[in-house]
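Observations on the model geometry
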Amino acid sequence: MSLFDKFKQFQDLKQQFDGMLPFGAVTEEILSPTQAIVNGQNVILAGTNNYLGLTFDPEAVAAAQDAVAENGTGTTGSRMANGTFAEHIKLEQELAEFFGTRSAIVFSTGYAATMGTSATLAGPGDVILLDADSHASIYDGVRLSGADIIRFRHNDPADLEKRLRRLKDREGDTLIIVEGIYSMLGDVAPLAEIAAIKRDYNAYLLVDEAHSMGVMGDKGRGAAEAAGIEADADFLVGTFSKSLGSIGGYCVSNHAELELIRFATRSYIFTASASPSVIASTRTTLRLMQERPELQRQLWKNAQRLYAELKNLGFEVGPQASPVVAVRTDDADKAAQWWQELFALGIFVNLVIPPASPAEFCLLRCSVSAAHSEAEIQDIIAAYATLTQ
Amino acid sequence: MAPNEPAETWKPNDLNTDYDQVLPKIITIVTTFVKDDLSVSQDTGLQADIRMASLQVMELVLEVEDEFDISFPLNRLPDIHTVRDLAQEVVVAVNQ
């Protein structure tokens, strides 16, 4: 028995995919929000979650450059110590204003935001009911919480209701955790039904908008806005590393207690705060996202086209069109082969294998960008078409 | 009654539910997760014998919760190694 025995499964996995790129791909040069040189190959980036394509926006780049010059490369400390700069506070104020909430907390990563709130909001004696397909950051967080953790079947409000009913008098101490758009299959949570159940049982609701902020809702606030249930969402969490093109995360709420939760969330307290350049570019892209609603329209146009075409080609895709377009196969070797073929054709997608996928299947996952041109979307479709020949 | 024979009179939330009534149901559910011809008994290890991944164990919990109309928090899983462990925990939950 060795300390390292438990890692043997990864050695087996490494051997299975030996010599293959998907888990060791190195981006050598980023040419644009949608193109790069990866391991010497020019590729269209079709798996970067860069939904609005703002990573090279001149205003955001200039803001980051100015921030480095004015405030240095890093804060060198946590928010609770020396790492709260005036710009962190401004971003929190701007997020609260954008979401129409009482306050906001800015985290250093999206993982820290989701994991930290999942670990902190409920504690021993409370209950967390989470969607079975929740992101790893949610699972990691709830495990730390000490609350009783109960899963409900993915996107199944009736299953959620059944499990709430079983709690009897504990339902008021219950936090329901769901996502707006699920990251692997791109399906949208039935938030109107979930919010109605939450009201019936007097529970709390947290919605992770990582893949839906900037993507859904007239104002881009996410799936809760699109479903008209923002008043029912006690907590909205999300990330800056997708639609806003930087890195970091947030939690917004109308509960006054959010300012107390700040003092209890270890992933906020015990890590260095985001660097000035990150905060500056995030503030800029948050504004640009609001000023350019056409980006969301273009994103959905691209997403619906890719989803429809891959479905027409006979691929098994997710249950609905969204900017996450995933092709499913049960055969890991075939998935790896397909990934290699797409890469050779200049298309970079995400290869997702268990346990990262929601079940025992594999995914070739695309995330569409508003910045993809019609020609690039066509190139992605054409590459997938060769897999069927 | 033999362990593998379901009790015809058993009902969910029966306060007298005991291990011998729960076990056959658990074995039936666990068997649906077995990919080979392994015969499941109370001594069968969920990971050691059936090689269930953590995701499969969580799916098993969903099925067990519905079969017995109980809440079975995932926090209890670290102590569940065998079918017997699972059945014993279910007995506790059913009688709560």
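Residues numbered from 1 in each chain as written. Chains lettered and ligands numbered in written order. Predicted model: local features only at pLDDT ≥ 70, side-chain atom pairs only at ≥ 80, totals over all residues. Heavy atoms only, no water.

Focus on the overall build of chain A
When helices and strands are tallied, chain A shows 14 helices and 15 strands. In terms of overall dimensions, chain A is globule-like: its C-alpha atoms have a radius of gyration of 21 Å, near the 21 Å expected for 389 residues. C-alpha atoms of chain A, sized along the principal axes, occupy 55 × 55 × 50 Å. Relative to its 389 residues, chain A shows a buried fraction of 56%. When contacts within chain A are restricted to residue pairs at least 6 apart in sequence, those whose partners lie at least 24 apart make up 67%. Accessible surface computed for chain A: about 16,300 Å², of which carbon and sulfur atoms make up 52%. (Helix = DSSP H or I, 4+ residues; strand = E, 2+ residues; numbered from the N terminus. Rg over C-alpha atoms; globule rule 2.2 N^0.38 Å. Buried < 20%, exposed > 50% of the residue type's maximum accessible area, 1.4 Å probe, protein only. Contact = heavy atoms within 4.5 Å. Areas by Shrake-Rupley, 256 points an atom, 1.4 Å probe, with all protein chains shown as cover.)

With respect to a nonpolar patch on the surface
All names here are of chain A. A contiguous nonpolar patch, built from L3, F4, F7, F10 and L13 and spanning about 530 Å² of accessible area, is present on the exposed surface. In this structure, F10 sits in helix α1 (residues 8-16). The class for F10 is partly exposed, based on a relative accessible area of 46%. (Patch = residues over 30% accessible without salt bridge, like charges linked within 9 Å, V, L, I, M, F, W, Y side chains within 5 Å. Salt bridge = Lys/Arg side-chain N within 4 Å of Asp/Glu carboxyl O.)

Description of the nonpolar core
By size, the foremost hydrophobic cluster in this structure holds 88 residues, and its most contacted members are A:L95, A:I176, A:V178, A:V349, A:L364, A:I380 and A:Y384. Counting residues per element, this core draws most heavily on helix α12 (residues 294-312) of chain A, which supplies 7 residues. Two domains share this core, each providing at least three of its residues, namely domain 1 (5-52 + 293-387) and domain 2 (58-291) of chain A. Setting aside chain neighbours within four positions, we find A:V349 in contact with A:A46, A:W339, A:L342, A:L364, A:R365, A:C366 and A:Y384. Grouped together as the second largest cluster of nonpolar side chains are 53 residues, A:I149, B:V22, B:I29 and B:V94 included. (Core = buried A, V, L, I, M, F, W, Y, C linked by side-chain atoms within 4.5 Å. Domains from an automatic or database assignment.)

A closer look at the state of the cysteines
Across all of its chains, the model carries 0 disulfides over all chains by this definition. Sulfur of A:C362: no disulfide; nearest cysteine sulfur belongs to A:C366 and is 15 Å away. (Disulfide = S-S within 2.5 Å.)

Let's talk about the side chain of A:S243
All names here are of chain A. Looking at where S243 falls in the secondary structure, it is placed in the loop between β9 (235-239) and β10 (249-253). Looking at S243, the relative accessible area reads 1%, which means it is buried. In this structure the side chain of S243 is engaged in a polar contact, spanning 2.7 Å, whose partner is the backbone oxygen of M213. Contact partners of S243, with chain neighbours within four places excluded, come to N49, Y51, L52, L54, M213, G214 and V215. (Polar contact = N/O pair within 3.5 Å; in protein donor to acceptor, adjacent residues only side chain to side chain.)

Remarks on the pattern of salt bridges
What the rule picks out here adds up to 28 salt bridges over all chains. Salt-bridge contacts for A:K162 lead to B:D66; the nearest nitrogen and oxygen are separated by 3.3 Å. In this pair, A:K162 is assigned in helix α6 (residues 157-166) and B:D66 in helix α2 (residues 54-68), connecting two distinct chains. The class of B:D66 is partly exposed, set by a relative accessible area of 23%.

Let's talk about the domain arrangement of chain A
All names here are of chain A. Considered domain by domain, chain A is made up of domain 1 (5-52 + 293-387) and domain 2 (58-291). On a C-alpha basis, the centroid separation for the pair domain 1 and domain 2 is 26 Å. When domain 1 packs against domain 2, the two sides together hide about 1,700 Å² of surface, and 60% of this comes from carbon and sulfur. Area buried by domain 1 at its contact with domain 2 is led by Y51, L52 and Q296, which between them contribute 26% of it. In this assembly, domain 1 and domain 2 are joined by 0 salt bridges. Where domain 1 packs against domain 2, one counts 6 residue pairs in polar contact (both at pLDDT 80 or more). Taken together, the residues of the side of domain 1 that touches domain 2 break down into 14 nonpolar, 6 polar and 2 charged. (Buried area = accessible area lost by both parts, 1.4 Å probe. Nonpolar A, V, L, I, M, F, W, Y, C, P; charged D, E, K, R; others polar.)

As for the packing of helix α3 (residues 86-99) of chain A against helix α11 (residues 276-291) of chain A
All names here are of chain A. Remark: α3 packs on α11, axes separated minimally by 9 Å, with the N-to-C direction vectors making an angle of 20°. On the basis of the axis angle, α3 is roughly parallel to α11. Of the two elements, α3 crosses α11, and the hand of that crossing is left-handed. Between α3 and α11, the contacting residues are E87, H88, K90, L91, E94, L95 and F98 on the first element and I279, T282, R283, L286, M289 and Q290 on the second. (Axes fitted to C-alpha atoms, helices over the stretch in contact; angles between N-to-C directions. Parallel < 35°, antiparallel > 145°, perpendicular 65-115°, else oblique. Left-handed = near helix turned anticlockwise from the far one by under 90°.)

Quick look at the interface of chain A and chain B
Listed by partner, the interface residues are 18 residues for chain A and 16 residues for chain B. Taken over both partners, the interface formed by chain A and chain B buries close to 1,400 Å², and the fraction arising from carbon and sulfur atoms is 44%. Its largest share of buried area at the contact with chain B, chain A owes to A:R151, A:R153 and A:R166, together 44% of the area lost on that side. Here chain A and chain B share 9 salt bridges between them.

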